[in-house]
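Architecture at a glance
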Amino acid sequence: MEVDQNNIFKLCKELGCCDACCLRYLGLKNPSVYENTKNVVAKYEVQEIATKSNNCDETIEDSKKNILEQSNIESDVNGDSYKSPPSKKRKIEPCVTCLGILQEETWADSFEMVKEVLEKKRYACDTFACALSAPMATILRERVVGLHLEKSISHYDANALTPLKEAWKWSFGTKLAAHIGKTLDSGAVSPLLVTLNIDYLDDLQELEALKTIATPLFESRSQQRKRFSTEFTRRAVEQALQGVTLETIQAASESCCLPQITAPAKCVSVVCTHAPMYLGGRYIKLSRELPQTPWIVGGRRVMPSSVQEIIFQPLAELYGMSAAEAERRLKLVAAGREDVDVRCLGDGRPFAIEIIDPQRQLTSEELAQACKLISSGGEVIVKELVPIVKEDLALLKKGEECKTKTYHALCIKLSHSEFNEVDPDSPITVTDADLERINSYRNTKEGDEAKIEITQKTPIRVLHRRPLLTRTRHLLELHAEKVPDHAQLFYVRVRTSAGTYVKEWAHGELRRTRPALPNILHARTDLLALDVAAVHLCWPHAPVH
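Residues numbered from 1 in each chain as written. Predicted model: local features only at pLDDT ≥ 70, side-chain atom pairs only at ≥ 80, totals over all residues. Heavy atoms only, no water.

Describing the pattern of salt bridges
With the rule as written, the count across this model stands at 25 salt bridges. Between aspartate 432 and lysine 482 there is a salt bridge, and its shortest N-O distance comes to 3.1 Å. Here aspartate 432 is found in helix 18 (residues 432–440), whereas its partner lysine 482 is found in strand 13 (residues 470–483), with 50 residues between them in sequence. The residue arginine 461 makes a salt bridge to glutamate 504 at a minimum N-O spacing of 2.7 Å. Remark: glutamate 504 occurs in helix 19 (residues 502–507) and arginine 461 occurs in the loop between strand 12 (452–457) and strand 13; sequence separation between them is 43 residues. Overall, glutamate 504 belongs to the buried group, its relative accessible area being 3%. (Salt bridge = Lys/Arg side-chain N within 4 Å of Asp/Glu carboxyl O. Helix = DSSP H or I, 4+ residues; strand = E, 2+ residues; numbered from the N terminus. Buried < 20%, exposed > 50% of the residue type's maximum accessible area, 1.4 Å probe, protein only.)

In structure tokens:
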């Protein structure tokens, strides 16, 4: 059955609702309605006067004319043609539902606060989305007015109420756009989000009635203080009001369901944030004394710098970040990591940088300059940085688990092979038979991609940060050759599955890796130097040469 909208509007006004909230209770959800509420409300005001025309001195037509003229003047308040009336500014009564949040007369300070923050942060983005953190008392007040309407008007459904945040976005957001010179868009489209935090002086005091209405709920929350750090949350308030009646709220309230508002809700802070931006690249590490990330133990640095800090420095300068800001707003995501004493050569290790709350996207010229500055120190080389999107990070993460890597290892033979019948005191040398044994070794079936399958217990050197597990890993390629003029030394080129501890494979680590290189040679071996020669992952596009 159709509900009388004029009665809804009239009752809302009698209860003390503002124009926008009256339209919300009518269930109007067209954004244009809230962009200019005065013109829409004028229709209902004219109809209200028409019902009382017999008791009025002025005609209905005169009433229409007065109301519409006034609405046009007020809606053009920001236009050049507007002239302030000579009379004193009328005091605005805060709306009993939204506490003044939807009343245009309260917006001036909020506009200036937003503008001040944006001018300070200097975003290059031409669009924005806005979000509202409203007092929780509005939830209670909305419910009270809705119950009044359901009680007084047949077939009224309080669930038809247009959400406060939507009406605010369509009304306040539209006016804010003109004030800050940006286009209002949805949060799903615009990367720039402007959030206003609105406070109401009597917010918690008004919510106290809910403890009587939903005593078990709040007693339970009180008993679980570790889980519920605050007494009132939006979720808790909504739960407390489920199925409640107007009589219940009246009985729980000390004075009345809609307490008098001493002061309207006020914007106390504005937070502007830009969605993260991402850069992708590959780094080459030439130093054997450089960790990937800052190495700090007990609050003290072990190494003076890191790959991360070298890469971050020119980017921080381009964004005008301090060292502390860069630590907070720049995040390195890499496809694995090499040890401090391991170089990373070839095309380098794939990595991404997340830039939190960036003012703008860096130009290709700026990114090229950043690469030049990164590489100038001689420890880290980055040939290219390119913009990527968040979804690309999935490839990087997946690469950590399924990528393969090629290593170049400089090894030393420390004992004679058990296969060699030589004088124990004779010099130890790498023989052709040793190389043949390494190059031909296989413990998997012919046709398998992996040539050698090994099991590795978590290395002792990382047990302080990794759980003790036994993992199966694979060597896909293995080739050894002599080092000229060094009889005990030999090079090993090995391609491994992700997560293989090559150092431990090279020396066996007390038989914690099996079969290790010593098992293949039947001689003791060790590792002198290790390089990552290649990380086999297409990132961020074809490898840079």
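Focus: the packing of helix 1 (residues 5–15) against helix 7 (residues 137–152)
Where helix 1 contacts helix 7, the two axes come as close as 11 Å, and the packing angle between them is 135°. Considering the angle they form, helix 1 stands oblique to helix 7. Where helix 1 crosses over helix 7, the two elements pack in a sense that is right-handed. Residues Ile8, Leu11, Cys12 and Leu15 of helix 1 pack against Val145, His148, Leu149 and Ser152 of helix 7. In terms of residue class, the contact of helix 1 with helix 7 is made up of six nonpolar, two polar and no charged. (Axes fitted to C-alpha atoms, helices over the stretch in contact; angles between N-to-C directions. Parallel < 35°, antiparallel > 145°, perpendicular 65-115°, else oblique. Left-handed = near helix turned anticlockwise from the far one by under 90°. Contact = heavy atoms within 4.5 Å. Nonpolar A, V, L, I, M, F, W, Y, C, P; charged D, E, K, R; others polar.)

What to know about the side chain of threonine 138
Note on placement: threonine 138 falls in helix 7. Owing to a relative accessible area of 3%, threonine 138 belongs among the buried residues under this scheme. There is a polar contact of 2.6 Å between the side chain of threonine 138 and the backbone oxygen of proline 135. Ignoring any residue separated from it by four or fewer positions in sequence, one finds threonine 138 in contact with Thr97, Cys98, Leu99, Ile101 and Leu164. (Polar contact = N/O pair within 3.5 Å; in protein donor to acceptor, adjacent residues only side chain to side chain.)

Side note on the environment of alanine 236
Mapped onto the secondary structure, alanine 236 falls in helix 12 (residues 234–240). It is 9.5 Å that separates the C-alpha atoms of alanine 236 and leucine 210, two residues lying 26 residues apart in sequence. Those residues in contact with alanine 236 that sit more than four places away from it in its chain are Leu217, Phe218 and Arg221.

What about a negative patch on the surface?
There is a patch of like negative charges on the surface, built from Asp109, Glu112, Glu116 and Glu119. Position of aspartate 109 relative to the elements: it lies in helix 6 (residues 108–121). For aspartate 109, a relative accessible area of 55% translates into the label exposed. (Patch = residues over 30% accessible without salt bridge, like charges linked within 9 Å, V, L, I, M, F, W, Y side chains within 5 Å. Areas by Shrake-Rupley, 256 points an atom, 1.4 Å probe, with all protein chains shown as cover. Lys, Arg positive; Asp, Glu negative; His and termini not counted. Charge placed at Lys NZ, Arg CZ, Asp CG, Glu CD.)

Some points on the confidence of the model for the protein
Atom-level detail of predicted coordinates should not be read off regions where pLDDT is low. Of all residues in the protein, 90% have pLDDT values of 70 or greater, and the mean over the chain is 90. When the criterion is pLDDT under 50, residues 54–60 qualifies, and its contacts beyond four places in sequence or with other chains add up to four contacts. Residue range residues 73–84 is modelled with pLDDT below 50. Its contacts to residues more than four positions away, or to other chains, number nine contacts. (pLDDT = per-residue confidence, 0-100.)

Overview of the packing of aromatic side chains
Remark: the centre distance and the inter-plane angle together describe each pair of aromatic rings, the angle taken between the planes. Evaluated as defined, the whole model comprises eight aromatic pairs. Ring geometry for tyrosine 34 and tryptophan 170: centres 5.7 Å apart, planes at 35°, overall tilted. Within this pair, whereas tyrosine 34 is found in helix 3 (residues 31–35), its partner tryptophan 170 is found in helix 8 (residues 164–180), the two being separated by 136 residues in sequence. The same class applies to tyrosine 34 and to tryptophan 170, which are both buried. An angle of 35° between the planes, with centres 5.1 Å apart, marks the rings of phenylalanine 111 and phenylalanine 172 as tilted. Pair noted here: phenylalanine 111 is in helix 6 and phenylalanine 172 is in helix 8, with a separation of 61 residues, a long-range link. What makes phenylalanine 111 buried here is its relative accessible area of 11%. (Phe/Tyr/Trp six-rings, centres within 6.5 Å; stacked < 30°, edge-to-face > 60°.)

Some thoughts on helix 1
By the burial criterion, the buried members of helix 1 are Ile8, Phe9, Leu11 and Cys12. An end-on view of helix 1 places all buried positions within 170° of arc, on one side of the element. Backbone nitrogen of asparagine 6 and a side-chain oxygen of the N-cap are separated by 3.0 Å at the start of helix 1; the cap is aspartate 4. (Arc of directions from axis to C-beta.)

Re the sheet that holds strand 3 (residues 192–199)
Spatially, 2-1-3-4 is the arrangement adopted by the four strands of the open sheet, whose pairing is mixed. Edge positions in the sheet fall to strand 2 (183–184) and strand 4 (266–274), since each has one partner strand and no second. Pairing of strand 1 (residues 127–133) with strand 3 involves five bridges; the strand directions are parallel. Note on strand 3: the bridge partner recorded for cysteine 130 is valine 194. Lying on the sheet, helix 6 is in contact with strand 3 and strand 4; it crosses strand 4 at an angle near 30°. (Pairing = 2+ DSSP bridges.)

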